Amino acid sequence: MGATVTQITTMLSKDFVVLVLIAVVIASPIAYWVMNKWLQNFVYKINISGWIFLAAGFTAVVIAVAR
């Protein structure tokens, strides 16, 4: 009824991207905690940076939009 393909795609993608961002926000602290606990068992310890979770979230959003 007057909507273009771009408008419809944007409306559908926006809802899906919001769900992906919510999932990233919920999963990132849990993944950080689990990875920290797991890495403490090794002799050579490393710290987990925040950019890893940002990169994973960005990749998830790109994949969600590209579907």
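To start, this report covers the structure provided alongside it. (Residues numbered from 1 in each chain as written. Predicted model: local features only at pLDDT ≥ 70, side-chain atom pairs only at ≥ 80, totals over all residues. Heavy atoms only, no water.)

What the protein contains, in helices and strands, is 2 helices and 0 strands. In summary, the protein has a C-alpha radius of gyration of 17 Å against a globular reference of 11 Å for 67 residues, an excess of more than 25%. Reported as C-alpha extents along the three principal axes, the dimensions of the protein are approximately 65 × 15 × 15 Å. Across the 67 residues that make up the protein, the buried fraction comes to 15%. Accessible surface, the protein: about 5800 Å² in total, of which carbon and sulfur atoms supply 75%. (Helix = DSSP H or I, 4+ residues; strand = E, 2+ residues; numbered from the N terminus. Rg over C-alpha atoms; globule rule 2.2 N^0.38 Å. Buried < 20%, exposed > 50% of the residue type's maximum accessible area, 1.4 Å probe, protein only. Areas by Shrake-Rupley, 256 points an atom, 1.4 Å probe, with all protein chains shown as cover.)

Turning next to helix α2 (residues 50–66). Its 17 residues place the ends of α2 25 Å apart at the C-alpha level, agreeing with the 24 Å of an ideal helix rising 1.5 Å per residue. Among all positions of α2, only Phe53, Gly57, Val61 and Ala64 are buried. Viewed end-on, α2 has its buried residues packed into an arc of 75°, placing them on one side of the element. α2 presents Trp51, Phe58, Ile63 and Ala66 as exposed residues on the side facing more than 90 degrees away from its buried surface. Structurally, α2 contributes buried residues whose contacts are with α1 (5–39). (Expected span 1.5 Å × (residues − 1). Arc of directions from axis to C-beta. Contact = heavy atoms within 4.5 Å.)

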